[in-house]
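Residue-level structure breakdown
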Amino acid sequence: MVESSMSGYRGIGRAVLERHGAGVWSDIELEAAQGTFRGLVLPRSETADDRHIVLKLASGYNVGIAAEAVTRITVLGRREANYKLPEKQFPHSRTKPNVVLLGTGGTIASRLDYRTGAVIPAFSPGELYGSVPELAAFCNLRTESLFSVFSENMGPRQYQGLAERIAEEVAAGVDGIVIGHGTDTMHHTAAILSFMVQELPVPVVMVGSQRSADRPSSDAAINLIHAVKAAAESDIAEVMVCMFGPTSDQYGLLHRGTRVRKMHTSYRSTFRTIGDIPLGMIDAARIVYFRHDFHRRRPERSVKLNTAFEEKVTILYYYPNMKPDVVDAVVDKGYRGIVIAGTGLGHVNKPLYPALKRAVQRGVHVYMTAQTLWGYVQMYVYETGREIMELGVVPAANMLPETAYVKLCWALGQSNDPEQVKRIMLTPVCDETTAREPYNGYLVFQGAIPEVQGFLRSIKR
Ligand code: ASP
């Protein structure tokens, strides 16, 4: 709720608005050093600086203008924006599958509260149906907000809570589960859930959005439509990520939970399957499976639940000239597992060898993954790799570093015996290691076909 027409404005920002008879929700034309802007004066966050005036332009984008650069403001009217979402009863049909949407937070669950500058959840089925009515075509939807965090704050407690909740929902008879999640660490959660909840009989589809629903280019609605459809109708009974495919709003991609990664800070088409091809593509009309080796829907109502998790595990991202004291420090602090993201085929420099040997001798479990992300660590090829293996470092094939990290947490939660931990680590649960990688996946699925073709046309010209 906006408290006053100056909500959030202090100092010079407030003075300039007052001088021109303008305030929050005034529709103004403003002239400044950079040019002329027409827009609605937005409330300022209580914690924001006092030097800027923020306008919502007709394009839907917000712009902040330095108050001291303003030379003229003409007030054209007043339009108070209403950010309350319409609530409509989500329709129920006896013939439609039942889907539950479990919210954990992130941009997908948010819209901006301009007063506090915070993002607040907009999450009831009624609110979702009010803003994305297409969802009702696929299912009966129930929603529940489990957590309300940005995904950097997800951790073992949340992973365990989600895993247990999935098991309960399956037992209660749900036909598909959607998990709303911040995009930044969605691939960590997708991977750990793939290990914690096995033998799923229904799809568990993780979804997020790169841009919040109040932005014109938001991907929230389209991702949600695809994810809900995948949960309701797809035959893939696995943990997967459903996010924007190509850069335009054409289709979504379904990615296996252990082989997916966020690859761009701001593009909507940020999630990519690494080391493989995606499971399929999806739009509002159809699901096209790219492969057929997935676990299928089954009528069973149980899962294999194992929520073990050891927190004393870390990733060391190797860089040239890394010093051995980094490894020693981790061991001294009581870490039980280290995943190295090594260079090339799985290498680190020679000065690290004695520290790695000490780590292994003190019972620390050390695994090697590749910084290149695509391809396998192959530690027999160079002398370096052979020597590192002799120290007791275990190559983790083509497991992604983040996947190896959460898997090692899971494995060490179950055992401390090096052989048993190795067996858990190297026995694939859900394609976290694969026998081969497709030669063309690396090239084609970095951009999806229209972009690749467009790129080739542009360089031939
Ligand atoms: N920082 C946010 C998060 O990961 C970004 C997002 O939701 O896309 O929670």
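Structural data are supplied above this passage.
Below or above, wherever it landed, is the structure these notes cover. (Residues numbered from 1 in each chain as written. Predicted model: local features only at pLDDT ≥ 70, side-chain atom pairs only at ≥ 80, totals over all residues. Heavy atoms only, no water.)

Let us look at helix α4 (residues 186-196). In an α-helix, one turn spans 3.6 residues, which is why side chains three or four residues apart end up on the same side. Taking burial as the measure, the eleven residues of α4 include eleven buried ones, the bulk of the element. What α4 keeps buried is the set Met186, His187, His188, Thr189, Ala190, Ala191, Ile192, Leu193, Ser194, Phe195 and Met196. (Buried < 20%, exposed > 50% of the residue type's maximum accessible area, 1.4 Å probe, protein only. Helix = DSSP H or I, 4+ residues; strand = E, 2+ residues; numbered from the N terminus.)

By the secondary structure assignment, proline 201 is in the loop between β11 (197-198) and β12 (204-207). Residue classification places proline 201 among the buried positions, given a relative accessible area of 0%. For the pair proline 201 and proline 299, spaced 98 residues apart in sequence, the C-alpha separation works out to 6.6 Å. Ignoring anything within four residues of it in the chain, the contact list for proline 201 reads Val170, Ala237, Arg297, Arg298, Glu300, Ser302 and Val303. (Contact = heavy atoms within 4.5 Å.)

In terms of backbone geometry, most residues other than glycine have negative phi values and most peptide bonds are trans. Here the phi dihedral of alanine 397 falls at roughly 50 degrees; this positive angle occurs in a residue that is not glycine. Among the structural elements, alanine 397 can be located in the loop between β23 (394-395) and α9 (401-412). Of note in the backbone geometry, aspartate 431 takes a positive phi value of approximately 65 degrees without being a glycine. With respect to the helices and strands, aspartate 431 occurs in the loop between α10 (418-426) and α11 (441-444).

Once that is clear, we can look at the sheet that holds strand β1 (residues 26-32). Strand order in the open sheet made by the five strands is β4-β3-β2-β1-β5, with antiparallel pairing throughout. With one partner strand each, in any of the chains shown, β4 (62-66) and β5 (70-78) form the two edges of the open sheet. Strand-to-strand twist in this sheet, taken as the mean axis angle between neighbours without regard to direction, amounts to 35 degrees. Where β1 meets strand β2 (residues 35-41), six bridges bridge the pair, whose relative direction is antiparallel. Across the sheet, the residue bridging to alanine 32 is glycine 35, located in β2. (Pairing = 2+ DSSP bridges. Axes fitted to C-alpha atoms, helices over the stretch in contact; angles between N-to-C directions.)

To continue, consider the site of the ligand. Taken together, Gly106, Thr107, Phe150, Ser151, Glu152, Gly182, Thr183, Asp184 and Ser209 make up the full set of residues near the ligand. In the model, an oxygen atom of the ligand is placed 2.6 Å from a nitrogen or oxygen of the serine 151 side chain. In this structure, serine 209 approaches the ligand through a main-chain N or O atom, which is 3.0 Å from an oxygen atom. The fraction of the free accessible surface of the ligand (260 Å²) that becomes covered by protein chains is 88%. Along the lines of polarity and charge, the residues of the shell around the ligand split into one nonpolar, six polar and two charged. (Near = heavy atom within 4 Å. Polar contact = N/O pair within 3.5 Å; in protein donor to acceptor, adjacent residues only side chain to side chain. Areas by Shrake-Rupley, 256 points an atom, 1.4 Å probe, with all protein chains shown as cover. Nonpolar A, V, L, I, M, F, W, Y, C, P; charged D, E, K, R; others polar.)

Checked against the element boundaries, arginine 165 lands in helix α3 (residues 156-172). A relative accessible area of 15% places arginine 165 in the buried class. In this structure, the C-alpha to C-alpha distance between arginine 165 and tyrosine 251, residues 86 residues apart in sequence, is 29 Å. Discounting residues that sit within four places of it in the chain, arginine 165 has contacts with Leu102, Arg142, Glu144 and Leu146.

Strand residues, when the strand is regular, have side chains that alternate between the two faces of the sheet. For strand β14 (residues 252-256), a buried count of five out of five residues is recorded, marking the element as mostly surrounded by other parts of the structure. Bridge count for strand β13 (residues 239-244) against β14 is five bridges, and the pairing is antiparallel. Across the sheet, phenylalanine 244 pairs through a bridge with glycine 252, a residue of β14. The pairing of β14 with strand β17 (residues 280-282) spans three bridges and is classified as antiparallel. Note on β17: the bridge partner recorded for leucine 254 is glycine 280.

A separate point is the sheet that holds strand β22 (residues 365-370). Each strand in a sheet pairs with another by means of backbone hydrogen bonds, the pair being arranged parallel or else antiparallel. Pairing is parallel across the open sheet formed by four strands, whose spatial order is β20-β21-β22-β23. What marks the edges here is a single partner per strand, and that holds for β20 (313-317) and β23. Of the pairings in the sheet, the one linking β22 to β23 comprises two bridges and is parallel in character. Its bridge partner lying in β23, methionine 368 is registered against proline 395. Contacts from α10 reach β22 and β23 within the one sheet, and its direction differs from that of β22 by about 25 degrees.

Turning next to the packing of aromatic side chains. Aromatic ring pairs are reported here in terms of the distance separating the ring centres and the angle at which the planes meet. Summed over the entire model, instances satisfying the criterion amount to five aromatic pairs. Ring centres 5.9 Å apart and planes at 50 degrees place the aromatic pair tyrosine 159 and phenylalanine 309 in the tilted group. Of this pair, tyrosine 159 sits in helix α3 while phenylalanine 309 is found in the loop between β19 (304-305) and β20, placing the two residues 150 residues apart along the sequence. Like phenylalanine 309, tyrosine 159 is buried. Lying across the ring of tyrosine 129, lysine 88 places its NZ or CZ 6.0 Å from the centre. (Phe/Tyr/Trp six-rings, centres within 6.5 Å; stacked < 30°, edge-to-face > 60°. Lys NZ or Arg CZ within 6 Å of the ring centre and 35° of its normal.)

Once that is clear, we can look at the pattern of salt bridges. A complete count under the given rule lists 27 salt bridges for this structure. Where glutamate 169 meets arginine 165, a salt bridge forms, and the shortest distance between an N and an O atom there is 2.5 Å. Of this pair, glutamate 169 and arginine 165 both sit in helix α3, four residues apart, which is roughly one turn of the helix. Both residues of the pair, glutamate 169 and arginine 165, count as buried. Of the charged contacts in the structure, one is a salt bridge between glutamate 300 and arginine 298, with a shortest N-O distance of 2.3 Å. In this structure glutamate 300 comes out as partly exposed when scored by relative accessible area, which is 36%. (Salt bridge = Lys/Arg side-chain N within 4 Å of Asp/Glu carboxyl O.)

Between α3 and α4, the least distance of the axes is 10 Å, while the angle of their chain directions is 50 degrees. Judged by the inter-axis angle, α3 sits oblique to α4. The two elements α3 and α4 meet at a crossing, and its hand is right-handed. Seen from α3, the contacting residues are Tyr159, Gln160, Leu162, Ala163 and Ile166; seen from α4, they are His188, Thr189, Ile192, Leu193 and Met196. Each residue belonging to the contact of α3 with α4 can be placed in one class, and the counts come to seven nonpolar, three polar and no charged. (Parallel < 35°, antiparallel > 145°, perpendicular 65-115°, else oblique. Left-handed = near helix turned anticlockwise from the far one by under 90°.)

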